[in-house]
Amino acid sequence: MRIWSLHPRHLDAKGLVACWREALLAQAVLAGRTRGYTRHPQLTRFRAEGDPISAIGAYLGGLADEATARGYRFDRSRIDRDHAAAPALLVTDGQLAYEWSHLLAKLTQRSPEDAARWRDADPSPHPLFRVVAGTIEPWERP
């Protein structure tokens, strides 16, 4: 499971769809609707929020917005609580840099055109996240 801290515009089509599916799974885990992935480290940051369902809903909403901008149709009715106004989650610049490197490696293999387009760009965070100084997040498993 990879719930990217990066803005979804950086993801290629396969990455965007995969992230949508994985975030929907994360939502099911956080809502107690499934037994699998309950200890997945990427869920730590959502569980730390006062309302994890709203936080993951806001995350999913950001993915759905990007899908719409690309002409895709993600079913927003699958979002339990689409709260665009959910409080921002923090992500470290070290985590963002780690994910950026990881994504560029994936894109180089899977979608070379996208990799070339983003190679010299600066990564931006998903709209839900606010960047703070720091190293890779403690829950990350490099």
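Everything below is about the structure shown above.
Parameters at a glance
- Residues numbered from 1 in each chain as written.
- Predicted model: local features only at pLDDT ≥ 70, side-chain atom pairs only at ≥ 80, totals over all residues.
- Heavy atoms only, no water.
- Core = buried A, V, L, I, M, F, W, Y, C linked by side-chain atoms within 4.5 Å.
- Buried < 20%, exposed > 50% of the residue type's maximum accessible area, 1.4 Å probe, protein only.
- Helix = DSSP H or I, 4+ residues; strand = E, 2+ residues; numbered from the N terminus.
- Contact = heavy atoms within 4.5 Å.
- Salt bridge = Lys/Arg side-chain N within 4 Å of Asp/Glu carboxyl O.
- Phe/Tyr/Trp six-rings, centres within 6.5 Å; stacked < 30°, edge-to-face > 60°.
- Lys NZ or Arg CZ within 6 Å of the ring centre and 35° of its normal.

## Structural notes on the nonpolar core
What tends to happen in soluble globular proteins is that the nonpolar side chains get buried as a cluster. Trp-20, Phe-46, Ile-56, Tyr-59, Leu-60, Leu-63 and Leu-128 are the most contacted members of the largest nonpolar core, which has 37 residues in total. Those elements giving two or more residues to this core turn out to be α1 (13–30), α3 (52–69), β1 (89–92), α4 (93–110) and α5 (112–118). With 9 residues, the single largest contributor to this core is α3. Excluding residues within four positions of it along the chain, Leu-128 makes contact with Phe-46, Ala-55, Ala-58, Tyr-59, Ala-86, Pro-87, Ala-88 and Leu-89.

## A word on the pattern of salt bridges
Taken as a whole and assessed by the stated rule, the structure comprises 8 salt bridges. Here Asp-12 makes a salt bridge to Arg-110, at a shortest N to O gap of 2.8 Å. With Asp-12 in the segment before α1 and Arg-110 in helix α4, the pair connects residues that are 98 residues apart, well separated along the chain. Asp-12 gets classed as buried once you look at its relative accessible area, which sits at 5%. Taking the relative accessible area as the measure of exposure, Arg-110 reaches 35% and is therefore partly exposed.

## Some remarks on the environment of Ala-133
Examined against the element boundaries, Ala-133 turns out to sit in the segment after β2 (129–132). Remark: the alpha-carbon pair of Ala-133 and Leu-6, spanning 127 residues in sequence, is separated by 15 Å.

## So, the packing of aromatic side chains
In this structure the tally under the stated criterion is 4 aromatic pairs. Pairing Phe-46 with Tyr-59 gives two aromatic rings, centres 6.0 Å apart and planes at 80 degrees, and the pair type is edge-to-face. Here Phe-46, found in helix α2 (residues 44–47), pairs with Tyr-59, found in helix α3; they are 13 residues apart in sequence, far enough to count as distant. As far as the burial class goes, Phe-46 and Tyr-59 line up, both buried. A ring pair is formed by Tyr-59 and Phe-129, whose centres lie 6.3 Å apart and whose planes are at 70 degrees; its orientation type is edge-to-face. Pair noted here: Tyr-59 is in helix α3 and Phe-129 is in strand β2, with a separation of 70 residues, a long-range link. For Phe-129, a relative accessible area of 6% corresponds to the buried category. An aromatic cluster is present here, built from Phe-46, Tyr-59 and Phe-129 joined pairwise through their rings. The aromatic ring of Trp-4 is capped on one face by Arg-2, whose charged end is 5.4 Å from the ring centroid.

## Thoughts on the side chain of Ser-54
Inspection of the secondary structure assignment puts Ser-54 in helix α3. Since its relative accessible area comes to 8%, Ser-54 is described here as buried. Sequence-distant contacts of Ser-54, defined by excluding residues within four places in its chain, comprise Arg-81, His-83 and Ala-86.

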